[in-house]
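Structural description and commentary
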Amino acid sequence: RFAFGHTELHPIALFTAARPKPAAVAALVPPSSLEPGVWRLASFTPSAAAWQRNGRVTELPYGFSGSDRESGATASQDDQVRSGVLRHCLSIHPPWRGGHGTLWSDYRLALPTNLPIRLKFYTAIRDSRDDEPKSDGVDFRVKLMDASNAERELFARFTDAKAWQPAEADLSAYAGQTVTLRLWNGPGPKNDTTCDNGYWGDPLLLIGAVPPPATEAEWAARAASASLLARAAAAGKTRAPNAFLLK
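A brief structural summary. All figures in this text were calculated on a predicted structure; none of them were measured in a lab.

Observations regarding the nonpolar core
With 34 residues, the main nonpolar core has Leu-119, Val-142, Leu-171 and Leu-181 as its most contacted residues. Setting aside chain neighbours within four positions, we find Val-142 in contact with Leu-119, Phe-121, Arg-152, Glu-153, Leu-154, Phe-155, Ala-169, Leu-181, Arg-182, Leu-183 and Trp-200.

Encoded structure:
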């Protein structure tokens with residue numbers, strides 16, 4: 001602090017910092033090592049994300065979530081109800097501001113040797129209000145790059161369905177490899193981005209022999225058994241296995 005008569009001056013230090021390019025950050029992110037079981041893709045942070053227009057690729061910051069100021073491209077996570085069914089989603093909108101484009105998120109995965117390896121998910125798009133134009137559909141694609149960076153498309157669907165549609169991509173051919181899984185979206189063949197908010201619903205990686213889901217009859221039997229145990233516990237019949245009374 002310096003004083004000149006009745007005036008005081010306070011020095012301020014100014015610094016500049018160069019933020020590393022997203023590609024440089026992505027190269028430092030180790031792949032997610034997977035084991036047999038069920039993995040929620042939404043639990044992983046994409047190793048990279050980008051949008052493309054007229055051949056120009058613009059990389060997004062690591063961990064990007066929100067809306068890109070230049071293109072209007074959006075990527076985030078939220079919960080959505082379609083036809084009465086709630087699912088956790090990767091919510092996207094392809095670039096639209098300044099022209100149409102495409103958008104993607106990449107996940108680096110170290111896959112085990114266990115088979116099969118499947119990506120199961122649902123697709124849907126948002127509802128349109130009565131006072132706005134309708135979307136003609138959103139293009140959903142699953143792509144995969146191996147260690148040589150050779151790209152292969154495993155799934156493609158152009159849809160305007162508002163209800164959840166099940167989908168699956170088979171990754172079994174890449175067991176034991178480190179790969180990049182890409183979730184890609186575009187506006188479709190007409191390049192119309194109107195209201196193209198799309199959802200990847202409950203994307204799951206299923207690796208190895210996964211037990212089949214319980215049937216309705218099995219769930220009903222479990223509920224009946226649980227009800228009997230609860231009543232036995234409430235009546236003080238401690239002989240009932242796995243039953244106890246909380247006081």
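Considerations on the pairing of strand β8 (residues 74-82)
Bridge count between strand β7 (residues 66-67) and β8: two bridges; the pairing is antiparallel. Within the sheet, the bridge partner assigned to Ser-67 lies in β8 and is Thr-74. Count of turn residues in the β7/β8 antiparallel hairpin: six residues, of which Gly-72 carries a positive phi of about 80°. Inspection of the sheet shows β8 paired to strand β9 (residues 85-93) by nine bridges, in the antiparallel sense. The residue of β9 that forms the bridge with Ser-76 is Ser-91. The loop that links β8 with its antiparallel partner β9 comprises two residues; one of these, Ser-83, has a positive phi angle of about 50°.

Re unusual backbone geometry
Cis geometry is adopted by the peptide bond preceding Pro-116, which originates at Leu-115 and carries an omega value of -5°. Residue placement: Pro-116 occurs in the loop between β10 (102-110) and β11 (117-125). One non-glycine residue, Ser-83, lies in the positive phi region at around 50°. Along the polypeptide, Ser-83 turns up in the loop between β8 and β9. The residue Asn-191 is not glycine, and still its phi comes out positive at about 55°. Along the chain, the position of Asn-191 falls in the loop between β15 (178-186) and β16 (198-207).

Details of helix α2 (residues 216-234)
Spacing of three or four residues puts side chains on the same side of an α-helix, whose turn is 3.6 residues. The terminal C-alpha atoms of α2, which comprises 19 residues, lie 27 Å apart, in line with the 27 Å expected from a rise of 1.5 Å per residue. Remark: Gly-236 follows α2 within two positions and exhibits a positive phi of approximately 80°.

Re the pattern of salt bridges
Within the structure shown, the criterion is met by 12 salt bridges. Arg-87 is paired through a salt bridge with Asp-202; the nearest N and O atoms lie 3.2 Å apart. Of this pair, Arg-87 sits in strand β9 while Asp-202 sits in strand β16, placing them 115 residues apart in sequence. Salt-bridge contacts for Arg-129 lead to Asp-131; the nearest nitrogen and oxygen are separated by 3.1 Å. Through salt bridges with shared partners, one network takes in Asp-106, Lys-143, Glu-151 and Arg-182.

Cut-off values and rules
- Residues numbered from 1 in each chain as written.
- Predicted model: local features only at pLDDT ≥ 70, side-chain atom pairs only at ≥ 80, totals over all residues.
- Heavy atoms only, no water.
- Core = buried A, V, L, I, M, F, W, Y, C linked by side-chain atoms within 4.5 Å.
- Buried < 20%, exposed > 50% of the residue type's maximum accessible area, 1.4 Å probe, protein only.
- Contact = heavy atoms within 4.5 Å.
- Pairing = 2+ DSSP bridges.
- Helix = DSSP H or I, 4+ residues; strand = E, 2+ residues; numbered from the N terminus.
- Expected span 1.5 Å × (residues − 1).
- Salt bridge = Lys/Arg side-chain N within 4 Å of Asp/Glu carboxyl O.

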